[in-house]
Amino acid sequence: MSDKPKIIIGLIIFVAVFTFPFWYNHGAASSAPEPLLSDKAKEAKHCVRDTDFMRKEHMQLLDGWRDRTVRDAQRVYEIEGKEYMASLSNTCMECHSNKADFCDRCHEYASVDPYCWDCHTYPKEKK
Amino acid sequence: MENKRRSFLKFAGVSVLGLGSLSLLDGLTSDDVNASSGKASAEATYKKTANALTAKRWGMVVDTRKLNDRICKKMEKACHEAHNVPDHENKNHEIKWIWEAHYNHVFPGKNDEFLQERLKELPIPVLCNHCANPPCVQACPTQATFQREDGIVLMDFHRCIGCRFCMAACPYGSRSFNFRDPREAIKPENENKEFPTRTKGVVEKCNFCAERLAVGKQPACVEVSKGALIFGDLGDPQSEIRQVLKDNYAIRRKQNLGTNPSVYYLV
């Protein structure tokens, strides 16, 4: 029982070290970024699908586009009577021409690094 | 003591059951979400472009009698600019979709001792043969290279892992590997913004202009060939290409290998 103070001190140090990341970063969380719409996107008002769908599932949509275009040669995506060419560079980026403000903001915040841009081109932005 | 253990086991059993059913419930609800999103995407359909050119089996005839060095260079330029093919100065990094070669290299099995004088110097354009029995497709471990229904042997760059088995399998040397980032070697003024580039570490080759066929255009090389290239449907007996093959003796590259190339040469 004479080790009681040592154990308690040890416990306190352990708890302090263990919870360090929590209280160190407390309050430092940045708010989720809001993607900026380009003028053309604002004007169009309506994307291929509704905003909620695009926000949650644009990656699945693009995945479907790429598979159907490349592997089945079906390049037209038809929804609600409207037809779109299933193309990232030629359809998406035509409105969302501001990659840095529209795509990269959230991707950086969420720490995802899509490799689309290794091959697919995007409009050059004025600095 | 006995009683304590008993009640503990009872309690543990009920908790496990409770937690288990909770996760089951979780699974059920997430299944529901998937089902509803699946229903939503069922409204969307994919189809071919209305003006797409289609065929049973695309093929090409190269009429070497109408060829000269200038036309060959023009075809190469048109193709490489349309597809953002990089122009690396180092020969080891070279990327080629269509290029010119000499008869003795194009047809090594037909290298006669007393060859017609004209053929000795003639530049002959070579490209992917889009074989009906493509060895590259068999070699590819990820199905990045595949054969379309219309006979085009196509690359899906999303899937290519850069193993280069296809390059070893292709008997025509039609494939090039991106040892370097291709964007370094694409001049901005030559860049086709509507077509992607490739990335370092993938293999690439001629795609018979699948992206142009999809919008009703002939391949880029055919367009500038001044009639030296005839592109059409080998599966349609009434097509122009079949008529040309009916009237002329044509040869194919390394036919004895059994790859069944779709590119014919009139010499």
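Use the structure listed above.
Presented here is an overview of the structure given in this document. Residue indices begin from 1 for each chain and proceed along its sequence in written order. Ligands are numbered from 1 and chains lettered from A, in the order in which they are written. Reporting of local features is limited, given that this is a predicted model, to residues whose pLDDT is at least 70; pairs of side-chain atoms are given and counted only at 80 or more, and all residues count toward the totals for whole chains, interfaces and linings.

Structural notes on the overall build of chain B
Reasoning step 1: Numbered from the N terminus, helices here are DSSP runs of H or I no shorter than four residues, and strands are runs of E no shorter than two. Broken down by element type, chain B carries nine helices and 11 strands.
Reasoning step 2: Scaling as 2.2 N^0.38, a compact globule of 267 residues should have a C-alpha radius of gyration of about 18 Å, whereas chain B reaches 27 Å, well beyond that.
Reasoning step 3: In terms of principal-axis extent, the alpha carbons of chain B reach across some 105 × 45 × 40 Å.
Reasoning step 4: Burial is judged by counting other C-beta atoms within 10 Å of a residue's own C-beta: 20 or more means buried, 12 or fewer means exposed, and anything between counts as partly exposed, with every C-beta placed from the backbone. Out of the 267 residues in chain B, the part that is buried amounts to 32%. Only C-alpha atoms enter the radius of gyration, while the globule expectation follows 2.2 Å times N to the 0.38, with N the number of residues.

A few points about the interface of chain B and chain A
Reasoning step 1: Residue pairs qualify as contacts under a 7 Å threshold applied to their C-beta atoms, which are placed from the backbone. Contact residues are listed per partner, giving 20 residues for chain B and 17 residues for chain A.
Reasoning step 2: Here the side of chain B that touches chain A takes three residues from strand E1 (residues 45-47) of chain B, the largest share from any one element.
Reasoning step 3: Three classes are used, and their members are as follows: Ala, Val, Leu, Ile, Met, Phe, Trp, Tyr, Cys and Pro are nonpolar, Asp, Glu, Lys and Arg are charged, and the others, Gly among them, are polar. Residue composition of the side of chain B that touches chain A, grouped by class: seven nonpolar, five polar and eight charged.
Reasoning step 4: In this description, strands pair whenever DSSP reports at least two bridges between them. The pairing of strand E1 (residues 76-79) of chain A with E1(B) spans three bridges and is antiparallel. Bridge assignment links Tyr77(A) to a residue of E1(B), and that residue is Tyr46(B).

Structural notes on the sheet that holds E1(B)
Reasoning step 1: Strand order across the open sheet formed by three strands is E2(A)-E1(A)-E1(B), with antiparallel pairing between neighbours. In this open sheet, the two edge strands, each paired with only one partner strand, are strand E2 (82-85) of chain A together with E1 of chain B. Pairwise comparison of adjacent strand axes, ignoring direction, gives a mean angle of 30 degrees for this sheet.
Reasoning step 2: Where E1(A) and E2(A) come together, four bridges link them in antiparallel fashion. The residue of E2(A) that forms the bridge with Val76(A) is Met85(A). As a rule, the C-alpha atoms of each element are fitted with a line to give its axis, helices using only the stretch in contact, and angles between N-to-C directions run from 0 to 180 degrees.

Some thoughts on the sheet that holds strand E10 (residues 250-251) of chain B
Residues and elements named next belong to chain B.
Reasoning step 1: The four strands are arranged E9-E2-E11-E10 in an open sheet whose pairing can be described as mixed. Across the chains shown, the open sheet's two edge strands, defined by having one partner strand only, are strand E9 (229-233) and E10.
Reasoning step 2: The pairing of strand E2 (residues 58-63) with strand E11 (residues 263-266) spans four bridges and is classified as parallel. Pairing of Asp63 across the sheet is with Leu266, part of E11.
Reasoning step 3: Strands E2, E9, E10 and E11 of the sheet are contacted by helix H9 (residues 240-247), whose axis makes an angle of about 115 degrees with E9.

A closer look at the environment of His83(B)
Residues and elements named next belong to chain B.
Reasoning step 1: Mapped onto the fold, His83 is located in the loop between helix H2 (69-82) and strand E3 (98-101).
Reasoning step 2: Judged by C-beta crowding, with 22 C-beta atoms within 10 Å, His83 ranks as buried.
Reasoning step 3: Between the alpha carbons of His83 and Glu184 there is a distance of 15 Å; along the sequence they are 101 residues apart.
Reasoning step 4: Sequence-distant contacts of His83, defined by excluding residues within four places in its chain, comprise Trp97 and Phe195.

Let's talk about unusual backbone geometry
Reasoning step 1: Phi at Glu80(A) is positive, roughly 50 degrees, even though this residue is not glycine.
Reasoning step 2: Looking at the element boundaries, Glu80(A) is found in the loop between E1 and E2.

These figures capture arrangement, not role.
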